[in-house]
There are 2 protein chains.
Amino acid sequence: MRRAGHIELALGPRQPGVPLQRWLYESLRAAILGGSLAPGARLPSTRDLAARANVSRGTVLGVFAQLEAEGYLTGAVGRGSFVTRELPERLTDGAPLRGVTPVPEPRMAPSIAPSIAPSIALSTRGRLLARSPFALDGRGAPARAFRASQPDLDAFPFELWTRIAARRARRTRRDLLGDGEALGYRPLREAIAAYVGVSRGIACTAAHVAILGSVQQAIDLAARLTLDPGDSAWVEDPGYAGARRVLEAAGARVRGVPVDAHGFDVDWAREHAPGARFAYVTAGRQAPLGPALSLERRLALLDWARGAGAVIVEDDYDSEYRFADPPLAALKSLDTAGHVIYCGTFSKLLFPALRIAYAIVPDALVDPFAAAWSLTARHVPLDPQSVLHAFIAEGHFGRHVRRMRVLYGERAAALEAAAQRHLAGLLHVPRLSAGLDAPAFFAPGTDDVEMARRAARAGLETRPLSFYAVERAAPPGLVLGFASIDRAAIEAGVAALARALEDPTAG
Amino acid sequence: MRRAGHIELALGPRQPGVPLQRWLYESLRAAILGGSLAPGARLPSTRDLAARANVSRGTVLGVFAQLEAEGYLTGAVGRGSFVTRELPERLTDGAPLRGVTPVPEPRMAPSIAPSIAPSIALSTRGRLLARSPFALDGRGAPARAFRASQPDLDAFPFELWTRIAARRARRTRRDLLGDGEALGYRPLREAIAAYVGVSRGIACTAAHVAILGSVQQAIDLAARLTLDPGDSAWVEDPGYAGARRVLEAAGARVRGVPVDAHGFDVDWAREHAPGARFAYVTAGRQAPLGPALSLERRLALLDWARGAGAVIVEDDYDSEYRFADPPLAALKSLDTAGHVIYCGTFSKLLFPALRIAYAIVPDALVDPFAAAWSLTARHVPLDPQSVLHAFIAEGHFGRHVRRMRVLYGERAAALEAAAQRHLAGLLHVPRLSAGLDAPAFFAPGTDDVEMARRAARAGLETRPLSFYAVERAAPPGLVLGFASIDRAAIEAGVAALARALEDPTAG
């Protein structure tokens, strides 16, 4: 029986931060897998090895126990430990397992030997899934001009939220530790049902409310529940890329429907893109162009859905922020036949890191929606839901929204005024009546991507309207977010934007 | 021009809790949609209406403004308000819009007139998505014998967690309010990379760690990214229903691969279910039967994945809880070619309502995974991630896991002992070496569903092994969760179980 002598048993160098036991384990495993400790080879006694490796005998015993548990070693009391004979032949030729060497500092090591080419192909839908329009790296403070869809984080009553969170945490009953309801924390769902009833004319109960992490999840789930690959879906053109992309990834044949001053053109869609079974609309304020869907078209859209047995996802992403007029009743408030899934999110109303959104689901879809959400996600964490519930129930939510409506209205006015002073003839900012973002328009034929590049060189974040185009060219322009920065920043940003647009080399 | 006289303008009754303005708005809208206020009809003056409805004139003006904004009314200064002439004809025949009446208390009203049959068909995959194996109604305290996969919530250091949460909340920098990184809170990802490096032999960096809400989401995302509908996937048979169902819903052709004392039978799979491109395995401790995947089979499975360009999802759901032996190195620790997505969850280690899980993703899939997660979900809420990070970084996580390992080990021993006393000849509980649940076996031919029914009648929660069967019958038995109840409850539960199994009428 071969004995593992000093020469053939090479212990690798110990990287800083790697515990002794782990280092010894990895060294021995590497020696076995690499072949320098052959199948059947006898290991040094624990005493010898402890002395040679300059570790305690207990450490060695622990490592042997581990390797035995994992099948690398077999032990016989009093006769020592041996490398398992049954290790597959190919283990000893080293090659396929180069890469298994003493592990350096975990956070520094790649999980794959770079020399080995990755060999996993994405599926067809995988290639579509892997196209997110969202920033993957997160976008924290400070706010910049003119980032879109950003609430003002400095205006959020953070200390108040924190106090509520601390109090809730102290009071949280233990059953808030267990598995929650798939559709969300019941008291929060009741508060949302009451809120959309009063503020949007939507008659529903807590049973119709689903708490999700994002509107994206609502669209993804609604699409997978009601569409099979190849079924077609209507989206607004230009329209919200997040909806279009997630529908494409779900296998839908996405058709862009033109938008005019009355919103989504339902008649055009019925005539030129027949056979759809799904529609995504921003009825309250079309993203990005801004018009509300007219009453006549709302009724026509609902008619279509009734006739087609189709689903309408109404993404009501910022109706809270109509500066002058009262909020419009939701399309969902006219949905007597139950074809509309209404979506809203608190991430835009309070703060993005909250990640709590909701869907008001028609009776026919409540149970399938709950089951599908449970299967693919389980549920949203309970603690943030309970804090949000307290924030709403104690009236802080309503107060905050009212305050932000005034604040954002002032900022919209500031943007309009600054645009008149600095952007006349360059970029037209229409009258702003609502929301966090403004569409702004160039003269026909302008390359808005190039213009957005110029703005970026001047340190300004804008999004070209062409980014929202689906099947047809969008009017050239930029989306300018004005809600998260103060009036001085808006004034300065508009002046800088004017310089940048006039002069390609600006900034 | 017709004038809306007292008779034809009927204001509906005001439900308790409905504000005056809302009641008046709904009444007028219903009158218009119902036809009692015809297109072109002139409304009473705001003064008359205020007097008749016994509300302030301001209220009436607000309601008129709302109806005008929504397109129901057109106004002419000094000439009063009129019902819009352009309302579609069919609006006035009432029928399709019966259901639009003054809205009663929101939380009491269904969102759909029950008289109208729902007409949304689920898609083929929708019918598969709508089959969740999880409880939809949540499962709070108190724990019961023998609920599976439940940590002991009473043993969780809840006050400590709460203090950390409060402290974190006070200290949280404002940039924790903004959009987070798609793959999760960076410090938490670093802590997890270090943890799996030391405890599982997985060499990875924070860049490979994806924070998700559940392992279900990791499986769903991995399947959609790498499989197209019809591609086949291997699961363990018997095996975890959550994985099988979500793979089926993703369109995979799911093949059940037999499990023996060495775990998932890779050779059988290669011979009898060729062409798979995906495998789901519980290598550390097979769910539900318990064996660890042998080293030889681990290497064979990795060989297969390399050759097939396939993905292996390793669900390491409870390796923290090996009572006697040190934790086994993960299959992922041998994954030199980068085909394994390793998943773990804190919801089982700490508390289910936390909903924080993680995946260690190979280099080739990191970017697609990040983009797909961002597109379909955005990211996990930041606050719970930062609290969990502090809980780990301050050493509380490691201490809690060690304490639970001892506690659950004692409970496993208590279950074994009680089973020997009460269940001999009825139900065989094998030696338990790890985990939160025990597989227990009946004599061949026993109907374990009927046995689970008997247990349920005695107030005992068990799950028949046949629940885990995929393509072939599973050995008849029950899964008994022992981790969330104390030894007395285990003893009492086993005694009650014995009575129930012996006597169908027990309980």
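Note that the structure is predicted; figures quoted are calculated from it, not measured. (Residues numbered from 1 in each chain as written. Chains lettered and ligands numbered in written order. Predicted model: local features only at pLDDT ≥ 70, side-chain atom pairs only at ≥ 80, totals over all residues. Heavy atoms only, no water.)

Regarding unusual backbone geometry
Glycine aside, a negative phi is what most residues show, and trans is what most peptide bonds show. Residues and elements named next belong to chain A. Residue Phe-146 is reached from Ala-145 by a cis peptide bond, and omega for that bond is -5°. If you trace the backbone, Phe-146 turns up in the loop between helix H4 (124-129) and helix H5 (158-171). In this model, Ala-287 is joined to Pro-288 through a cis peptide bond whose omega is 10°. Following the sequence through the fold, Pro-288 ends up in the loop between strand S7 (276-281) and helix H10 (295-308). (Helix = DSSP H or I, 4+ residues; strand = E, 2+ residues; numbered from the N terminus.)

Regarding the pattern of salt bridges
For the coordinates displayed, the defined rule picks out 54 salt bridges over all chains. In this structure, the salt-bridge partner of Glu-471 of chain A is Arg-255 of chain A, at a minimum N-O distance of 2.6 Å. With a gap of 216 residues between them, Glu-471 of chain A in the loop between strand S12 (463-464) and strand S13 (477-481) and Arg-255 of chain A in strand S5 (residues 253-260) connect regions that are remote in the sequence. Across the pair Lys-332 of chain B and Asp-335 of chain B runs a salt bridge whose closest N-O atoms are separated by 3.1 Å. On the basis of relative accessibility, which here comes to 4%, the residue Lys-332 of chain B falls in the buried class. (Salt bridge = Lys/Arg side-chain N within 4 Å of Asp/Glu carboxyl O. Buried < 20%, exposed > 50% of the residue type's maximum accessible area, 1.4 Å probe, protein only.)

Quick word on the domain arrangement of chain A
How big an interface is tends to be stated in terms of accessible area lost as the parts join. Each assigned domain of chain A is listed here: domain 1 (4-91), domain 2 (158-393) and domain 3 (399-502). The C-alpha-based centres of domain 1 of chain A and domain 3 of chain A are spaced at 66 Å. (Domains from an automatic or database assignment.)

Observations regarding the pairing of strand S9 (residues 340-345) of chain B
All names here are of chain B. Where burial is concerned, most of S9 is hidden: six out of the six residues are buried. Of the two faces of S9, the one holding Val-340, Tyr-342 and Gly-344 and the one holding Ile-341, Cys-343 and Thr-345 are both buried throughout. Two strands pair when backbone bridges link them, and strand S8 (residues 311-315) and S9 are joined in this way by four bridges, in the parallel orientation. Along S9, the bridge assignment pairs Ile-312 with Val-340. Sheet topology note: the S9/strand S10 (residues 357-360) ladder contains four bridges and is antiparallel. Along S10, the bridge assignment pairs Thr-345 with Ala-357. (Pairing = 2+ DSSP bridges.)

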